[in-house]
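Below, each chain spelled out in residue letters.
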Amino acid sequence: LLALGAIKPQEEKPQGEPTNFDEAFSAAAAVMRQRSILGKAVAKTEGEEKKKLEEDLTAANEKAFEYYRLALSMADKTSLPAKVKSIQGGLCFLFFQRGDNLRAAVIGEYLGRSYPNSKEDKFGTNVALNAWLREYGEAGEARDFEKMRIERLAKRLNKRWPGSKEATAANDYLLTFAIQDGDVEQAVKYLEKVPADSTRRGQAQIRVGQLLFNRYV
């Protein structure tokens, strides 16, 4: 994580700054609560007030990022694993918020590998998936690598948390790729996983139907 810039090298701290892992973790958690409040306020305001709140939100993101990195730099074998996992998840989220897709994806996939079948796995896998979706959208024509990462992560969500909103969205991406590839069998398979009451099911049926039509006519 140090190589990713997720850990802040230790240096002498100004007075009042956290001096140990627990203090840094608490400081980061407090800022994250603040940014949550700011985020909700931003969604409800307009004009100059909205602009000012957005600036405050950006500042809160940066402060939380700084405290998370500081906390990781101070972590040792006595640090509570639950706090370490929380910090890793927070950094994953903040990298994604920054638009730093590759670092968000790397940490997200690390969470999945390190804590399989946990809430950290689900969260990290979902963030990594969405980070690779961004990269896929920006990659131009040569984007087989990004597609491969998306499919792998989407299948993981689909298999481990079926019926969840994350798995439902992941299934949509898999269905889209199957249709693009002209893979009727896979397209039908993913269509069957679209909930019957989903607003997306009707459109999905039309798309798969068109694929079948094109194949057999």
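Residues numbered from 1 in each chain as written. Predicted model: local features only at pLDDT ≥ 70, side-chain atom pairs only at ≥ 80, totals over all residues. Heavy atoms only, no water.

A. Main features of the pattern of salt bridges. The final tally for this structure, using the stated rule, is 12 salt bridges. The partner of glutamate 109 in a salt bridge is arginine 149, with the nearest N and O atoms 2.4 Å apart. Note that glutamate 109 is positioned in helix α4 (residues 101-114) and arginine 149 in helix α6 (residues 144-160), a separation of 40 residues in sequence. Each member of the pair, glutamate 109 as well as arginine 149, is classed as buried. (Salt bridge = Lys/Arg side-chain N within 4 Å of Asp/Glu carboxyl O. Helix = DSSP H or I, 4+ residues; strand = E, 2+ residues; numbered from the N terminus. Buried < 20%, exposed > 50% of the residue type's maximum accessible area, 1.4 Å probe, protein only.)

B. The packing of aromatic side chains, seen in detail. Taken as a whole, this structure holds four aromatic pairs when the rule is applied. Here the aromatic rings of tyrosine 136 and phenylalanine 177 are separated by 5.4 Å at their centres, their planes lie at 70°, and the arrangement is edge-to-face. With tyrosine 136 in helix α5 (residues 119-138) and phenylalanine 177 in helix α7 (residues 165-180), this residue pair connects regions lying 41 residues apart in the sequence. Note on accessibility: tyrosine 136 and phenylalanine 177 belong to one class, buried. In this structure, arginine 143 is placed above the aromatic ring of tyrosine 136, and the distance from its NZ or CZ to the ring centre is 4.0 Å. (Phe/Tyr/Trp six-rings, centres within 6.5 Å; stacked < 30°, edge-to-face > 60°. Lys NZ or Arg CZ within 6 Å of the ring centre and 35° of its normal.)

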